[in-house]
Amino acid sequence: MRLIFLGPPGSGKGTQSQNICKDYGIKQISTGDILRKNVKDQTELGKIAAEYMNKGELVPDKIMIDIIASELKKPDYLKGFLLDGFPRTIPQAEALDGMMSKMGLKLNCVLVLEVPHEEIIQRISLRRVDKKTGKIYHLLFNPPLPEDNVELYQREDDKEETIRRRLMVYESQTKPLIKYYSSMGLAFKINGVGDFKEVYERIVKVLDSRLEV
Ligand code: AMP
């Protein structure tokens, strides 16, 4: 199965993706994770990407398309993949179409997770990460216990001003993809409000109807 997961930053795509991949036996490709690893390792790519990421801007299309082109060649994805965070612009989507048709691959569906912006801001601006374990907490909904002994920090791009910028970028550059994939009959909207299990059940219903295409 080959999927794209669209949705604003902080809509829960990352967490839902991990579950989908486990249940459907496919691999996740998160361009955000690939970039963050490069930033951490201080590679050339990481240095360039950090400048855009810290401002909440998109990394240029050419860089992102090259990353996906080399990623898709890996044998890891023979059984399928879930793209989380790519494509984010029309040129990225067109490049992906070109790559997949050359490889003789078809998309099963594009999931579009919908969550109101105000809820996202509340979710992300209170999100914290533990320095030692990388575990994600929420100061209101999932605060650390005293015995967790955490050292919390806030991701640079989780600050409220940057989130607002990221949401604006989503509206202007990524949202047009919904129309793009709808015209191909591939886009399926999912209500992303509710607890994790509830939202996951909505996703599974769509995926099960798209297994054979
Ligand atoms: P994410 O974790 O998917 O929200 O990505 C974090 C940041 O990485 C984004 O705000 C962008 O700066 C950058 N990024 C990730 N994927 C892409 C992409 N497909 N195109 C451009 N920038 C990206």
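Below: a short report on this structure. In this text the structure is predicted, and so the values were computed from the model without any measurement.

**Topic: the packing of helix α2 (residues 31-40) against helix α3 (residues 44-53)**
- Closest axis-to-axis distance for the α2/α3 pair is 8 Å, and the angle between their directions is 115 degrees. Where α2 crosses over α3, the two elements pack in a sense that is left-handed. In contact with Gly 32, Leu 35, Arg 36, Asn 38 and Val 39 of α2, α3 contributes Leu 45, Gly 46, Ala 49, Ala 50 and Met 53.
- Considered class by class, the residues forming the contact of α2 with α3 number six nonpolar, three polar and one charged.

**Quick notes on the nonpolar core**
- Within the largest apolar cluster, 29 residues are counted, with the highest numbers of intra-cluster contacts made by Ile 4, Ile 68, Leu 83, Leu 96, Val 110 and Tyr 181.
- Sorting the residues of this core by element identifies β1 (2-6), α3, α4 (61-72), β3 (81-84), α5 (90-103), β4 (109-114) and α8 (176-182) as the ones contributing at least two each.
- It is α4 that contributes the most residues to this core, five residues altogether.
- When near neighbours in sequence (up to four residues on either side) are disregarded, Val 110 contacts Ile 4, Leu 6, Tyr 181, Leu 186, Ala 187 and Phe 188.
- Counting residues in each nonpolar core, the second largest holds 16 residues, with Leu 3, Ile 20, Tyr 200 and Val 206 among its members.

**Here we look at unusual backbone geometry**
- Of note, the bond from Phe 86 into Pro 87 is cis; its omega dihedral lies within 30 degrees of zero at -5 degrees.
- Position of Pro 87 among the secondary structure elements: in the loop between β3 and α5.
- Phi is positive for Gln 42, which is not a glycine, with a value near 55 degrees.
- Within the secondary structure layout, Gln 42 lies in the loop between α2 and α3.
- Assessed through its relative accessible area of 60%, Gln 42 is described here as exposed.

**Topic: α3**
- Buried residues of α3: Gly 46, Ala 49, Ala 50 and Met 53, and no others. Along the axis of α3, the buried residues cluster in a sector spanning 110 degrees; they form a single face. Opposite the packed face of α3, turned more than 90 degrees from it, sit the exposed residues Glu 44 and Glu 51.
- Turning to α3, the residues buried within the fold contact α2 and α7 (160-174).

Here is what the cut-offs are and how they apply
Residues numbered from 1 in each chain as written. Predicted model: local features only at pLDDT ≥ 70, side-chain atom pairs only at ≥ 80, totals over all residues. Heavy atoms only, no water. Axes fitted to C-alpha atoms, helices over the stretch in contact; angles between N-to-C directions. Helix = DSSP H or I, 4+ residues; strand = E, 2+ residues; numbered from the N terminus. Left-handed = near helix turned anticlockwise from the far one by under 90°. Contact = heavy atoms within 4.5 Å. Nonpolar A, V, L, I, M, F, W, Y, C, P; charged D, E, K, R; others polar. Core = buried A, V, L, I, M, F, W, Y, C linked by side-chain atoms within 4.5 Å. Buried < 20%, exposed > 50% of the residue type's maximum accessible area, 1.4 Å probe, protein only. Arc of directions from axis to C-beta.

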